[in-house]
Amino acid sequence: MTDTTARLAVDIGGTFTDIVLERGAGDFVSGKYLTTHGDPERAVLEGTKDLIAKSGIAPEQIGIVVHGTTLATNALIERKGAKIALITTRGFRDALEMAYEHRFEVSDLYMERPAPLVPRWLRLEVDERLAADGSVLRPFDEQSLLDLIPTLREEEIEAVAISFLHSYVDGAHERAAAEILRREMPGLRITLSHEICPEIREYERGSTACANAYVQPVMESYLRRLKTGIAELGIPGEIMLMMSSGGLCSLDVACAQPIKLVESGPAGGAVLAANIAEELGIEKAIAFDMGGTTAKLVLIDDATPQQSRNLEVARAYRFLRGSGMPLRVPVTDLVEIGAGGGSLAALDNLGCVAVGPESAGSEPGPAAYGRGGTRPAVTDADLILGKIDPEGFAGGNIALDLGLSAQALDTHVGGPAGMDTRTAAIAVVEVVDENMANAARVHATDNGAQLEGRTMIAFGGAAPMHAARIAQKLSIERIIVPKGAGVGSAHGFLLAPVAFEAVRTRLVPLDALDMAQLQEIVQDMWAEASAIVRLGVPEDTPLSESIAVYMRYRGQGHEIMVTLDSLPEAAHLQTVLRDAFETEYRRHFGRVIPGMEIECLTWKLGLSGPKAAPAGAAADTAPSGDPVARKHQVLVDLLSMEDGDAGVYLRSDLGAGAVIAGPAIVTESETNTMIPAGFSAHLSPAGHLIIEAQTAMAAKQGEAA
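These numbers come from a predicted model, not from an experiment.

Definitions and cut-offs
Residues numbered from 1 in each chain as written. Predicted model: local features only at pLDDT ≥ 70, side-chain atom pairs only at ≥ 80, totals over all residues. Heavy atoms only, no water. Helix = DSSP H or I, 4+ residues; strand = E, 2+ residues; numbered from the N terminus. Buried < 20%, exposed > 50% of the residue type's maximum accessible area, 1.4 Å probe, protein only. Contact = heavy atoms within 4.5 Å. Areas by Shrake-Rupley, 256 points an atom, 1.4 Å probe, with all protein chains shown as cover. Phe/Tyr/Trp six-rings, centres within 6.5 Å; stacked < 30°, edge-to-face > 60°. Core = buried A, V, L, I, M, F, W, Y, C linked by side-chain atoms within 4.5 Å. Pairing = 2+ DSSP bridges. Axes fitted to C-alpha atoms, helices over the stretch in contact; angles between N-to-C directions. Parallel < 35°, antiparallel > 145°, perpendicular 65-115°, else oblique. 1 Å grid on protein atoms, 1.4 Å probe; cavity = no way out; pocket = protein on both sides within 12 Å on 5 of 7 lines; lining within 4 Å. Points joined across faces, edges and corners; volume = space filled by probe spheres on them. Lys, Arg positive; Asp, Glu negative; His and termini not counted. Salt bridge = Lys/Arg side-chain N within 4 Å of Asp/Glu carboxyl O. Polar contact = N/O pair within 3.5 Å; in protein donor to acceptor, adjacent residues only side chain to side chain. Patch = residues over 30% accessible without salt bridge, like charges linked within 9 Å, V, L, I, M, F, W, Y side chains within 5 Å. Charge placed at Lys NZ, Arg CZ, Asp CG, Glu CD.

**Q** Report on the overall build of the protein, specifying residues and quantitative values.
**A** Along the protein, the regular secondary structure elements total 18 helices and 35 strands. With the C-alpha coordinates aligned to their principal axes, the bounding extent of the protein is approximately 80 × 65 × 60 Å. Relative to its full complement of 705 residues, the protein shows a buried share of 57%. Sequence separation of at least 24 residues holds for 69% of the intrachain contacts in the protein that already meet a minimum separation of 6. Surface summary for the protein: the accessible area is close to 28700 Å², and the carbon and sulfur share equals 51%.

As structure tokens, this is what we get:
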């Protein structure tokens, strides 16, 4: 019988495709490969073959492949999806364009709203109408839909979103319309809004349905090609997809609901950080993931990443809230900005240094790559400042040219601003670091959280080079760079459980809620979620359950989420929910409103299989005692702006307990870790690099004494 204990994880980013092949017991090989944007599966398959050759295992030993990708997100941002139509209730075709009917930038007289994914002539109407309680005001007229078929054929529509008014209460009209379209146009892909987002609020539900239809042909085609390519390599393992919520789903579910994969990469990183927080007993952490194109920050409390059901992608106007496309999907609550190793630097119209969101990506990449890029990226500035070991970058697979970096900085930043190369590099890195630190501050403020005293968990190809400086800005004194940090999100994929989240909008005044209603809602959601989770979890394996309800005072426009440990007893149902709501409301707003009627609006049930057990640390084969630097190089300290003599250490040379005092560089094949003056680092028994401010270490030693 073939051993199929090996596991493969693949994370496609804007610059690099990260692949981890785990052989078991914390033993893995990994690599970073330039993303092939034209056919993204090519980098996946070529990288997988490379790792199989390096690992010494046979392809048939790989029992599972876990995959996350930015393909859906990129299709939305770049408007490179399918040609789609929207079919909606007569009179509501313009809801998608009217959006929230507000100006997201009130001071700009020339502000333009982003164009909807579906132009007006392809937003088509049929005769039907439900009331808010689900009763039929106007029956579904089949002929009004049949009259639209010639238009769909003439326009060569690839996918259709069906979003009828109040279909979240009863999806019968949407299902009837879908049956007709499947009969008349068998090859048409169809998204039903009550299936992809069974929640109140027409604009968000319609926007989510259209986005799913827009990316579905692209994603399904890619995933089917990937499945074929993986099978041709001789890998028998099932392909599971990472969702933006931090759970896994089957390939078939991902093909039907690809919009739920939009933040799959960052979600994997959050899973990794949460597992490390649990392993090390960290109550409050912030995960910092910086790759080649973007940087992501996630707050983690009690080993649990913050979650949300609201996401806005493709913000078109200075990244302002409201200028993008709203999606209602389960998602890890994070802040993401265009700040990565490939983010390009230039002078703006005011002569100030600006970095990102435009990125050099993998083609051509930063100037130092020597692949035709002439504009300076953050990687070029990092190289000039000594934060990168040029000989060990990407395991020695990518040769870096210091002269090309200097030339790009001089041409586009230093020369026009009257700065020398070193100063230009400092300016670029300080701008990008402050952008990330400020994003963290705003995100924490939005969530009512404190950053000071948290532990930063840094991963991704560029994060370990920037983590210490950002920590200084945020008064964070402890940083953890996990084992395999350069491909951290891919490692997180291997820790994620098979999971699914079902929701239902059922508006019920709390005083009128009874146990029979609640059980009916929960059972309906359980049936939906378990049918999907059981595709990847055996019937005899117990499932974990989480229940939450979104509640508000009557008359309020939005609600807050109240988590329930379990269903209350019938006799105490209303009391338990009222107490839980008031506790959460007081936490958010500092007070409650006595005598005001409370409403339960949307219910959520999450089911998940067992978490994958952390692989644990491989045997520590590194020599004991203080490590010896392989060489020394100049490292610019961004706090003092002075040059320092930094030792360059191989991470593989570090044994558990070995201590390195900054300034220093720790290099490995997928990333470099910068340890500035005033910090020191040691390796934990599990292989994580722990970096601490020396003031914090001195305080600990004083307490111990």
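**Q** Give me the packing of aromatic side chains: which residues, what numbers.
**A** In this structure the tally under the stated criterion is six aromatic pairs. Plain terms: the ring middles of Tyr-553 and Phe-581 are 5.1 Å apart, the flat faces sit at 80° to each other, and that makes the pair edge-to-face. On the criterion of sequence distance, the pair formed by Tyr-553 in strand E26 (residues 544-553) and Phe-581 in helix H17 (residues 573-589) is long-range, its members being 28 residues apart. Residues Tyr-553 and Phe-581 agree in their burial class; the two are buried. Taking the centre distance of 4.9 Å and the plane angle of 75° together, the rings of Tyr-553 and Tyr-585 count as edge-to-face. One end of the pair, Tyr-553, is in strand E26; the other, Tyr-585, is in helix H17, and 32 residues separate them in sequence. We note that Tyr-553, like Tyr-585, is buried.

**Q** With reference to specific residues and values, describe the nonpolar core.
**A** Core analysis: the biggest nonpolar cluster contains 213 residues, and Leu-76, Leu-152, Ile-162, Leu-181, Phe-288 and Ile-479 have the highest contact counts within it. What Leu-152 contacts, discounting residues up to four positions off in sequence, is Ala-85, Ile-87, Leu-124, Ile-157, Val-160, Leu-181 and Met-185. Counting five residues, the second largest nonpolar core, distinct from the first, contains Leu-635, Ala-646, Ile-665 and Met-674.

**Q** Which residues make up helix H2 (residues 71-78), and what values go with them?
**A** Within the span of H2, buried status applies to Leu-71, Ala-72, Thr-73, Ala-75 and Leu-76. Residues of H2 that are buried in the fold lie against strand E4 (62-69), helix H8 (202-232), strand E17 (311-313) and strand E18 (325-327).

**Q** Break down the sheet that holds strand E2 (residues 16-24) for me, with residues and values.
**A** Spatially, the six strands line up as an open sheet ordered E3-E2-E1-E4-E11-E12, and their pairing is mixed. In this open sheet, the two edge strands, each paired with only one partner strand, are strand E3 (27-34) and strand E12 (248-250). If you compare each strand with its neighbour and ignore which way they point, the axes differ by 25° on average. Across the face of the sheet, helix H1 (residues 41-55) comes into contact with strand E1 (6-12), E2, E3 and E4 while running at roughly 35° to E2.

**Q** Tell me about the packing of helix H12 (residues 402-417) against helix H13 (residues 421-446), and please be specific about residues and values.
**A** Any two packed helices are characterised by the angle at which their axes cross and by the distance between the axes. The contact between H12 and H13 brings their axes to 9 Å, and the two run at 75°. One element, H12, and the other, H13, form an angle in the roughly perpendicular class. Together, Ala-406, Leu-409, Asp-410, Val-413 and Gly-414 of H12 and Thr-421, Ala-424, Ala-425 and Val-428 of H13 make up the contact between the two elements.

**Q** Describe the environment of Val-118, with residues and values.
**A** Following the sequence through the fold, Val-118 ends up in the loop between helix H3 (95-98) and strand E6 (123-126). Separated by 92 residues in the primary sequence, Val-118 and Cys-210 place their C-alpha atoms 7.6 Å from one another. When residues no more than four places from it in sequence are discounted, the contact partners of Val-118 are Ile-84, Ala-85, Leu-86, Leu-96, Arg-123 and Cys-210.

**Q** If you had to explain empty space enclosed by the protein to someone new, which residues and values would you point to?
**A** Following the criterion strictly, the structure yields five cavities of 30 Å³ or more and no others. In this structure, the largest cavity encloses a volume near 120 Å³. Every residue lining the largest cavity is counted, 13 residues in all, and those nearest its centre are Thr-88, Phe-92, Ala-95, Ser-163 and Glu-202. Secondary-structure elements contributing two or more residues to the lining of the largest cavity are strand E5 (84-89), H3 and H8.

**Q** Explain the side chain of Asp-289 residue by residue, including any values.
**A** Topologically, Asp-289 is positioned in strand E13 (residues 284-290). It is Lys-296 that comes nearest to the buried, bridge-free Asp-289 among opposite-charge side chains, at 4.1 Å. In terms of polar contacts, Asp-289 uses its side chain to reach the side chain of Ser-489, at 3.4 Å. What Asp-289 contacts, discounting residues up to four positions off in sequence, is Pro-266, Thr-294, Ala-295, Lys-296, Phe-459, Gly-460, Ala-463 and Ser-489.

**Q** Give me the lowdown on a negative patch on the surface, citing residues and values where you can.
**A** Taken together, the side chains of Asp-141, Glu-142, Asp-147 and Glu-179 present a region of like negative charge at the surface. Examined against the element boundaries, Asp-147 turns out to sit in the loop between helix H4 (142-146) and helix H5 (149-154).

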